[in-house]
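For reference, the chains in residue letters:
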Amino acid sequence: MKLQFIYPIILLVLFSVACSEDDTEFFPTNELEGLTKIQELSNDSHVVELYSKSGTLSTGYNVVSVRIKNLSNNTYVENAEITWLPVMQMPTMNHSCPKSDPVQVANMNALYQGFMIYQMTNSDGSGWSLTIDYTIDDVSYSVSSELMVFQSNLQNVSSFMGSDDSRYVVALIEPEAPIIGINEMVVGVYKMETMMSFPVVENYLLTLDPRMPGMGNHSSPNNTDLTYQVEDELYRGNLSLTMTGYWVLNLKLLNELGDVLKGEDVTEDNTQSSLYFELEF
Ligand SMILES: [Cu+2]
């Protein structure tokens, strides 16, 4: 057989293999650009698809994207109202974590996005489940499944009892890709009101003192404390990183009265605050 006949056959075979492996190929794929599927949850009427950048969930702050496929006509739902509840089953009790319910992403038809901040997990990734309740055209549905949540290598979330006897969860959100210089640092602060309710804490203050333990615990100039921003309900400040390597971001959490709820100053005798995040780049 001549080569010009073989090429089209090879192409045809390659094409059909590629397509049979991934049926999402024929849906508006640009909505999924940069996203990898974590898992599907299904009931009799829908498949709910979960996505993240990495395709996994881990301790700390996770942005999670959702699509709902209608099984009766294989189209993606564009008018859903969605709430979700992550729950960790522990030996003696259940608890949830800070989260935002998924909302439709701007300029997208069928993609919804929210976040979850997992404050802990079991060493094998087990323990968490997710229930998604959603309404389409006034009809309510629910879907639920266990999820794998892996332990992050570096500390990016802290769950603790404050000096006011309230429990808090504090999570590092930015910088995701640190640079040498001034980074915008973004942190979420939540109160554990009940086992299932973690509202945003407003108008507190996070002082910031980044250090390099491997290099005499030196600090860096021009850091600013993190203050509460009404627009996105997060805390923002400037994080100065003068070189690449391993950094400990020492923090203190203060309430509106200036009372320190958690954390200590870094001194000669005290090399690290009990409230901190880790970064390495
Ligand atoms: Cu737990």
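Preceding this section is the structure that the text describes.
Keep in mind that what you see is a predicted model, and the values were worked out from it rather than measured. (Residues numbered from 1 in each chain as written. Predicted model: local features only at pLDDT ≥ 70, side-chain atom pairs only at ≥ 80, totals over all residues. Heavy atoms only, no water.)

Trainee: Explanation requested: the overall build of the protein chain in the structure shown.
Mentor: What the protein chain contains, in helices and strands, is 1 helix and 19 strands. Here the protein chain holds 281 residues, and the buried ones make up 43% of them. For the protein chain, the proportion of contacts with a sequence separation of at least 24, taken over those separated by at least 6, is 57%. About 14800 Å² of surface is accessible on the protein chain, with carbon and sulfur atoms providing 51% of the total. (Helix = DSSP H or I, 4+ residues; strand = E, 2+ residues; numbered from the N terminus. Buried < 20%, exposed > 50% of the residue type's maximum accessible area, 1.4 Å probe, protein only. Contact = heavy atoms within 4.5 Å. Areas by Shrake-Rupley, 256 points an atom, 1.4 Å probe, with all protein chains shown as cover.)

Trainee: Any chance you could explain the pattern of salt bridges here in plain terms?
Mentor: Here the idea is simple: oppositely charged side chains can pair when their charged atoms come close. This structure, assessed with the given rule, holds 8 salt bridges. For Glu49, the salt bridge is made with Arg67, and the minimal N-O distance between the two is 3.1 Å. Within this pair, whereas Glu49 is found in strand β2 (residues 46–52), its partner Arg67 is found in strand β3 (residues 60–70), the two being separated by 18 residues in sequence. Taking relative accessible area as the criterion, Glu49 reaches 1% and is therefore assigned buried. Note on Arg67: relative accessible area 1%, which makes it buried. Taken together, the shared-partner salt bridges in this structure form one network comprising Glu184, Asp232 and Arg236. (Salt bridge = Lys/Arg side-chain N within 4 Å of Asp/Glu carboxyl O.)

Trainee: Even after reading the chapter, I still don't get the pairing of strand β1 (residues 36–42), so can you show me in this structure?
Mentor: Two faces belong to every sheet, and in a regular strand the side chains alternate between them. As paired strands, β1 and β2 are joined by 6 bridges and run antiparallel to one another. Each residue of the ladder has a partner; that of Leu41, found in β2, is Val48. (Pairing = 2+ DSSP bridges.)

Trainee: Is there a simple way to think about the coordination of the copper ion in this case?
Mentor: Geometrically, a metal with four donors at the corners of a regular tetrahedron has ideal angles of 109.5 degrees, and one with six donors at the corners of a regular octahedron has ideal angles of 90 or 180 degrees. Within the protein, Met88 (SD), Met90 (SD), His95 (NE2) and Met120 (SD) serve as the donor atoms for the copper ion, at 1.9 to 2.4 Å. Because the angles between the 4 donor atoms bound to the copper ion fall within 100 to 121 degrees, the donor set is best described as tetrahedral. In the primary structure, the donors to the copper ion are separated according to the pattern M-x1-M-x4-H-x24-M. (Donors = N, O, S within 2.8 Å, 3.2 Å for Na, K, Ca; no water. Tetrahedral: all angles 85-135°; square planar, octahedral: opposite > 155°, others 65-115°.)

Trainee: Help me out: how do you make sense of the pairing of strand β11 (residues 157–161) in this one?
Mentor: Bridge analysis of β11 against strand β12 (residues 167–174) gives 5 bridges, and the strand direction is antiparallel. Within β12, the residue paired with Ser159 across the bridge is Val169.

Trainee: Which parts of the structure should I look at to understand a nonpolar patch on the surface?
Mentor: A surface patch of nonpolar side chains, amounting to about 290 Å² of accessible area, comprises Leu85, Met93, Met195 and Met196. Examined against the element boundaries, Met196 turns out to sit in the loop between β13 (181–191) and β14 (205–211). (Patch = residues over 30% accessible without salt bridge, like charges linked within 9 Å, V, L, I, M, F, W, Y side chains within 5 Å.)

Trainee: Looking at this structure, I do not really get the packing of aromatic side chains. What am I missing?
Mentor: Where two aromatic rings form a pair, the distance of their centres and the angle of their planes describe that pair. Within the structure shown, the criterion is met by 7 aromatic pairs. Both rings, one in Tyr61 and one in Phe115, keep their centres 5.3 Å apart while their planes meet at 40 degrees; by these two values the pair is tilted. Placement of the pair is Tyr61 in strand β3 and Phe115 in strand β8 (residues 112–118), with a sequence separation of 54 residues. A residue is classified by how much of its surface remains accessible, and Tyr61, at 27% relative accessible area, is partly exposed. (Phe/Tyr/Trp six-rings, centres within 6.5 Å; stacked < 30°, edge-to-face > 60°.)

So yeah, pure geometry; function would need other evidence.
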